[in-house]
2 protein chains.
Amino acid sequence: MSVSPFPEINVSPRILLGPGPSMADPRVLKAMSTPLIGHLDPEFLVLMNNMQAMLKQVMQTENPITLAIAGTGSASMEAAFANMLEPDDEILICINGYFGHRMVDMAQRYGAVVHTLSVPWGEVFQPQQIEDALRAHPNVRIVAVVHAETSTGARQPLDEIAQLIHARDGYLIGDTVTSLGGVAVRVDEVGIDVCYSGGQKALSCPPGASPITFSPRAIERIKARQNKVANWYLDVTMIGSYWGSERTYHHTAPISMNYALYESLRLILEEGLENRWQRHRENAQHLWAGLESLGMTLHVHEDYRLPTLTTVRIPEGVDELAVRKALLNDYNIEIGGGLGELKGKVWRIGLMGFSSRRENVALLLKALQELL
Amino acid sequence: MSVSPFPEINVSPRILLGPGPSMADPRVLKAMSTPLIGHLDPEFLVLMNNMQAMLKQVMQTENPITLAIAGTGSASMEAAFANMLEPDDEILICINGYFGHRMVDMAQRYGAVVHTLSVPWGEVFQPQQIEDALRAHPNVRIVAVVHAETSTGARQPLDEIAQLIHARDGYLIGDTVTSLGGVAVRVDEVGIDVCYSGGQKALSCPPGASPITFSPRAIERIKARQNKVANWYLDVTMIGSYWGSERTYHHTAPISMNYALYESLRLILEEGLENRWQRHRENAQHLWAGLESLGMTLHVHEDYRLPTLTTVRIPEGVDELAVRKALLNDYNIEIGGGLGELKGKVWRIGLMGFSSRRENVALLLKALQELL
């Protein structure tokens, strides 16, 4: 056997405090080194059943169609739109950050008539704004909202919005990529008809297997479609048959990523949902207090601030990129820069899953103190 | 920390000799336990550059747009159709197995006018048949063919077909899911305009990161599209920007799966392409001789038989499912049953990547001898 001209993987021990991926729990990394078994092996089907049961607990739903998409968070986002939309369907998309714009792009690719409602990046929508928009566009049946905007750090309350939408026989699509596992999501109690997430944030799992759940009402709508879902890989009528009792082969499941998600869900249930949310809250509060004591300003109002992702304004006169580079090169800490409207204006600091630790907060605050 | 009601992952040590996934090389499994780094970390970008350089060598192409789709093999298949097709485009799809039918389903979802050409499952197409079909459908510019049909074990020669298609200014889409890494693919020499594969077969990588390459001509066609690619996640104009020098964020890369693919590509180049193809050929020949000496009949003519996947006819009077169950339960060996037209008629035996080993062939032959 000859020597490869390409070096083996040898990466620095990064402390991932950016918008994602967050650090995977070591138990999750270990689970991925489990040898493969087949995607129709009876032992794998048991794992899938257990994974589904755990996902329902973590997403707080009884929806039978609750599963993991074989792709990263953007794939589960696209699964929501691809399945719920047919050409000329009218949709209202609420934009208060980068991912609202992504929703628009996706919905348009499926031929939907897109109406938008916008507030500045970092703010959230009031129920009355949604109500007014629905009144202005009476044919809208689907409303898409980001619960946790990774680009701004804003947490959008959903309960009242869901009620308004349901009163008009509509459907709520909720993006919980940066909340699930770190902040209460309560799919059934809130009434999120299609709720998706990603593994790489507060679930402490590498990107590549992404939870999604559809309410029975959403599934009825999909079954009543006039056209096939315009996306083969993400067609939930077929994926659901593989995850359901039929076990019809659709595509080969990403075995190792499913091992990873399985172990990350076990870790969440061991810790307990309430404990986990509290840990995320407490570590975020330490971060917020520490940043403010360094004289910095948090971008999002405290009432709507996500514990999983904090946006902090870059102090006057600071070279934001130089600071991020120094954090990475000298301290092995990754944080994120701003996106879109907030580019150059904020840093994004994630405290998600395994990354949400008191010691990480202390280290980052000390490093920032030394650099600023 | 409380005890989880869900057991930890503890799977049997399967010997995977089915149609996929094949066994991942232990070095690949180990690579996946590497801690995560960010998808825009300079160290990750170096890994991506190296991965791309290795992919080009393994796919035998100079195409700048050569990368891994963040999904399983079916996602890279869909990426080919989603990017190359616009509504009302005419396409010729050659069906000689299950995956030809899947291509038809995908192409229709993108609004294409689909013409099909069929031969019995297990046979291959002669160039004259393609020529006749192109003459009958003069507006066809895209022809899709499966190089290695996982459902039948047939290897489709592509050189002459590619020439015919190019003579009409057309494009060849080639499915090499079950050939790449085990059988020569020679993308540039043959002239496959869009060539895709999966990790979980002869690359010895778990499913979840899937190679694809587009010729410069194919990329020109995509850039000249009248409509956006009707699939956001698989839009190669955006994915290519992330893999290219722009490094524009599209979706979060599946870090651990990229580690896995990286290591699997290193292993292939260490072994050497020619050596690897020869290993696959030799082990397949041992299998074929052994099956015939057990009195069994191989389904595909020797001239077109894939070394990576063998279909063998189920002997008269044998309960095929009972044999597969006994192989799995008593010997920990997975082989596959037939799909579609071949359901109940053949077994499918994969000898791919790390699974293609003399000892696996010997064990399977002995087990079959004991069971039949």
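All values derive from a computational prediction rather than experimental measurement.

### What about the nonpolar core?
Among soluble globular proteins, nonpolar side chains are generally buried collectively. Counting residues in each nonpolar core, the largest one holds 246 residues, and the members touching the most others are Met84 and Val194 of chain A together with Met84 and Val194 of chain B. Once you skip the residues sitting within four places of it in the chain, methionine 84 of chain A turns out to touch Ile142, Tyr171, Ile173, Val194, Ala218, Arg221 and Ile222 of chain A.

### Overview of the packing of helix 2 (residues 42-59) of chain B against helix 10 (residues 255-271) of chain B
Residues and elements named next belong to chain B. Where helix 2 contacts helix 10, the two axes come as close as 9 Å, and the packing angle between them is 45 degrees. Considering their axes alone, helix 2 and helix 10 lie oblique with respect to each other. For the crossing formed where helix 2 meets helix 10, the hand is left-handed. Along its contact with helix 2, which presents Leu47, Asn50, Met51, Met54, Leu55, Gln57 and Val58, the element helix 10 presents Asn258, Leu261, Tyr262, Leu265, Arg266, Ile268 and Leu269. Among the residues forming the contact of helix 2 with helix 10, the class breakdown is 10 nonpolar, three polar and one charged.

### A closer look at helix 11 (residues 273-293) of chain A
All names here are of chain A. Compared with an ideal rise of 1.5 Å per residue, which puts 21 residues at 30 Å, helix 11 spans 30 Å between its outermost C-alpha atoms and is within 8% of the ideal. All buried positions along helix 11 are accounted for by Arg276, Trp277, His280, Asn283, Ala284, Leu287 and Leu291. Looking down the long axis of helix 11, one finds its buried residues gathered within 135 degrees of arc, a one-sided arrangement. Exposed positions of helix 11 whose direction lies more than 90 degrees from the buried face are Glu274, Ala289, Glu292 and Ser293. Where helix 11 is buried, its residues contact helix 10 (255-271), strand 11 (309-313), strand 14 (346-350) and helix 13 (358-371).

### Things to note about the sheet that holds strand 5 (residues 142-146) of chain B
All names here are of chain B. Strand order in this open sheet of seven strands is 2-8-7-6-5-3-4, and the pairing throughout is mixed. Each edge of the open sheet carries a strand with a single partner, namely strand 2 (65-69) and strand 4 (113-118). Averaged over all pairs of adjacent strands, the angle between strand axes in this sheet comes to 15 degrees, irrespective of strand direction. Here strand 7 (residues 194-196) runs beside strand 8 (residues 210-214); their pairing, made up of three bridges, is antiparallel. By the bridge assignment, cysteine 195 is partnered in strand 8 with threonine 213. Helix-sheet contacts for helix 2 involve strand 2, strand 7 and strand 8, and the interaxial angle to strand 2 is about 105 degrees.

### A short note on the domain arrangement of chain A
All names here are of chain A. The assigned domain composition of chain A is domain 1 (15-21 + 273-371) and domain 2 (26-269). Placing the centre of domain 1 and that of domain 2 at their C-alpha centroids yields a distance of 26 Å. Each partner contributes to the interface: domain 1 provides 25 residues, whereas domain 2 provides 25 residues. Of all the secondary-structure elements, those providing two or more residues to the side of domain 1 that touches domain 2 are helix 11 and strand 11. For the side of domain 1 that touches domain 2, the class distribution of residues is 12 nonpolar, nine polar and four charged.

### Topic: the packing of helix 5 (residues 127-136) of chain A against helix 6 (residues 159-167) of chain A
Residues and elements named next belong to chain A. The interhelical angle for the contact between helix 5 and helix 6, taken along N-to-C directions, is 20 degrees, at an axis separation of 9 Å. The angle between the axes of helix 5 and helix 6 places the two elements in the roughly parallel class. The chirality of how helix 5 crosses helix 6 is right-handed. Only Glu160, Ile161 and Leu164 of helix 6 make contact with helix 5, whose side of the interface consists of Pro127, Ile130, Glu131 and Leu134. For the contact of helix 5 with helix 6, the residue count by class is five nonpolar, no polar and two charged.

Here is what the cut-offs are and how they apply
- Per chain, residues are indexed from 1 in the order of the written sequence.
- To label them, take the chains in the order written and letter them from A, then take the ligands in the order written and number them from 1.
- In keeping with the predicted nature of the model, local features appear solely for residues at pLDDT of at least 70, side-chain atom pairs appear and are counted solely at 80 or more, and the whole-chain, interface and lining totals rest on all residues.
- Under the definition applied here, buried Ala, Val, Leu, Ile, Met, Phe, Trp, Tyr and Cys residues are grouped into a nonpolar core through C-beta atoms within 7 Å.
- Three exposure classes are used, all based on how many other C-beta atoms lie within 10 Å of a residue's own C-beta (placed from the backbone): buried at 20 or more, exposed at 12 or fewer, and partly exposed between those limits.
- Think of it this way: build a C-beta for each residue from its backbone, and any pair within 7 Å is a contact.
- With axes taken as lines fitted to C-alpha atoms, and helix axes fitted only over the stretch in contact, angles between N-to-C directions fall between 0 and 180 degrees.
- Elements are defined by DSSP. Helices are runs of H or I of four residues or more, strands are runs of E of two residues or more, and each kind is numbered from the N terminus.
- To sort the angles, those under 35 degrees are grouped as roughly parallel, those over 145 as roughly antiparallel, those from 65 to 115 as roughly perpendicular, and the leftovers as oblique.
- Here is the rule for handedness: rotate from the far helix to the near one, and if that takes an anticlockwise turn smaller than a right angle the crossing is left-handed, while a clockwise turn gives right-handed.
- Gly is put with the polar residues, along with every residue not named as nonpolar or charged; the nonpolar set is Ala, Val, Leu, Ile, Met, Phe, Trp, Tyr, Cys and Pro, and the charged set is Asp, Glu, Lys and Arg.
- Multiplying one less than the number of residues by 1.5 Å gives the expected span of a helix.
- Note that the arc is computed from the directions linking the helix axis to the C-beta atoms.
- Whether two strands pair comes down to DSSP finding at least two bridges between them.
- Boundaries between domains were set according to an automatic or database domain assignment.

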